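# What the coordinates show
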Amino acid sequence: MTRGLDHIVVAVKDLEAAGKAWQALGFTVTPTNHHAWGTANKLVQLGGFFVELLSVAEPDKIVEATETAFSFGAFNRDFLKTGQGISMLVADSLGATQDRADYQRLGLKTYEPFGFERVANLPDGATAKVAFDLTFATDPHGPELGFFACHNKYPENFWNPAFQSHANGATAVSALYMVAGDPSDHHEFLGGFIGQREMRATSLGLELPTARGEINVLTRQAYAYALGEAAAESLPDTLPCFAALEVACKGLEARKVIPASELHGMSLVLSPA
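Attention in this report is confined to the structure presented alongside it. Just so it is clear, the structure is predicted and the values come from calculations on it, not from any experiment. (Residues numbered from 1 in each chain as written. Predicted model: local features only at pLDDT ≥ 70, side-chain atom pairs only at ≥ 80, totals over all residues. Heavy atoms only, no water.)

### Here we look at helix H6 (residues 220–227)
- Three or more residues of H6 are buried, namely Ala-222, Tyr-223, Ala-224 and Leu-227.
- Buried residues along H6 sit in contact with strand E10 (170–179), strand E13 (214–218), helix H7 (229–233), strand E14 (241–249), strand E15 (256–258) and strand E16 (267–272).
- Looking at the residues trailing H6, positive phi occurs at Gly-228, about 105°. (Buried < 20%, exposed > 50% of the residue type's maximum accessible area, 1.4 Å probe, protein only. Helix = DSSP H or I, 4+ residues; strand = E, 2+ residues; numbered from the N terminus. Contact = heavy atoms within 4.5 Å.)

Right, here's the structure in full:
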């Protein structure tokens, strides 16, 4: 079964500034939430998908990774040492046990099971319990990028209609753009991670459909062609990287690209729904 795109993690140095930047673009942004291991986030919820703006709030609480245990906090702390932007790509879960079994059967590098709970802050000031099981995996051709499947144990407490109403008409994720020196290096891992072996190779790179949104893996030159020179000039020197997110917006008449240099390290494409 094909997994859809669940969310992306966008590591930023100033969480409040990042939240205000997304609000200025017409998005509704949640209040700040805190993790027990020292990170904090604000979310932008769309239809079944969300953007997690994340910063390190309490570095002393971060637990270091080991060979067998992945550390979400340490990974994003280290990512921020070299820049900002999309640090992790997250897939829908088929259940933590199934996710782990699928990834191990395909030979993907996995880690010890990891689950957590936190308090969610709601629009009316109330709180609710949310909990997640995360199944991490590593792409051998992109170990500096994070991947995991996310099992949401209390979706009724997490998703909120008030958080999904956006002034800019944003409704759904359309695509995630990844840039690589050789896109074909990543087709085997991504196919296994999503559970989708059918993908399209084009002159620009790879197109991988998922149950929610598409993953496009492009060369630097193809990315410039697809999103424009301003977005390409904002790419980091080192590849591969998660470069941009495309969001469909109702009522939008023309496509708009906000380059990473203007949005805390990630490019954003707003396209007519």
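Following the structure, the description resumes.
### A look at the side chain of Ser-93
- As for its placement among the helices and strands, Ser-93 is situated in the loop between strand E5 (85–92) and helix H3 (96–105).
- One polar contact links the side chain of Ser-93 to the main-chain amide nitrogen of Gly-95, over a distance of 2.8 Å.
- One polar contact links Ser-93 to Asp-99, side chain to side chain, over a distance of 2.6 Å. (Polar contact = N/O pair within 3.5 Å; in protein donor to acceptor, adjacent residues only side chain to side chain.)

### What about helix H1 (residues 15–24)?
- Along H1, the positions that sit buried rather than exposed are Leu-15, Ala-18, Gly-19, Ala-21 and Trp-22. In a view along the axis of H1, the buried residues occupy a sector of 160°, so they form one face of it. The outward face of H1, more than 90 degrees from its buried face, is lined by the exposed residues Lys-20 and Ala-24.
- On the buried face of H1, the contacting elements are strand E3 (39–45), strand E4 (50–56) and E16.
- For H1, the N-terminal cap is Asp-14; the gap from its side-chain oxygen to the backbone nitrogen of Glu-16 is 3.3 Å.
- A positive backbone phi angle near 95° is found at Gly-26, which sits one or two residues after H1. (Arc of directions from axis to C-beta.)

### Comments concerning the environment of Ala-137
- Within the secondary structure layout, Ala-137 lies in strand E8 (residues 127–138).
- C-alpha of Ala-137 to C-alpha of Phe-193: the two residues are 56 residues apart in sequence and 7.9 Å apart in space.
- Leave out the neighbours within four places in its chain, and Ala-137 touches Tyr-103, Lys-109, Tyr-111, Phe-147 and Phe-189.

### Some points on the side chain of Glu-246
- Counting through the fold element by element, Glu-246 comes out in strand E14.
- This buried residue, Glu-246, is left without a salt bridge; Arg-255 holds the nearest opposite charge, at 4.2 Å.
- Within the local environment of Glu-246, its side chain forms a polar contact with the side chain of Tyr-177, the two groups lying 2.6 Å apart.
- A distance of 3.1 Å separates a polar atom in the side chain of Glu-246 from a polar atom in the side chain of Ser-271.
- Beyond its immediate stretch of four places on either side in the chain, Glu-246 contacts Ala-172, Val-173, Ser-174, Ala-175, Tyr-177, Arg-255, Val-269 and Ser-271. (Lys, Arg positive; Asp, Glu negative; His and termini not counted. Salt bridge = Lys/Arg side-chain N within 4 Å of Asp/Glu carboxyl O.)

### Some details on the pairing of E16
- Of all the six residues making up E16, five are buried; the element is thus mostly covered by neighbouring parts of the structure.
- In the sheet, E14 pairs with E16 via six bridges, with the strands oriented parallel. The residue bridging Glu-246 from the neighbouring strand is Val-269, located in E16. (Pairing = 2+ DSSP bridges.)

### Some remarks on the pairing of E4
- Among the seven residues in E4, six count as buried, and that is most of the element.
- By the bridge criterion, five bridges tie strand E1 (residues 5–11) to E4 in an arrangement that is parallel. Residue pairing for E4: Ile-8 is matched across the bridge by Val-51.
- Of the strand pairs in this sheet, E3 and E4 are connected by seven bridges, and their pairing is antiparallel. Bridged to Lys-42 within E4 is Leu-53.

### As for the packing of aromatic side chains
- The final tally for this structure, using the stated rule, is 21 aromatic pairs.
- Ring geometry for Trp-22 versus Phe-27: centroids 5.0 Å apart, planes at 55°, classification tilted.
- For Trp-22, a relative accessible area of 2% puts it in the buried group.
- A relative accessible area of 4% means that Phe-27 is categorised as buried. (Phe/Tyr/Trp six-rings, centres within 6.5 Å; stacked < 30°, edge-to-face > 60°.)

### Topic: the nonpolar core
- In this structure, Ile-8, Trp-22, Leu-245 and Leu-268 are the most contacted members of the largest nonpolar core, which totals 48 residues.
- Once you skip the residues sitting within four places of it in the chain, Ile-8 turns out to touch Phe-49, Phe-50, Val-51, Glu-52, Ile-86, Met-88, Leu-89, Leu-176, Leu-245 and Met-266.
- Of all hydrophobic cores here, the second largest spans 20 residues; its members include Trp-37, Phe-50, Phe-75 and Phe-132. (Core = buried A, V, L, I, M, F, W, Y, C linked by side-chain atoms within 4.5 Å.)

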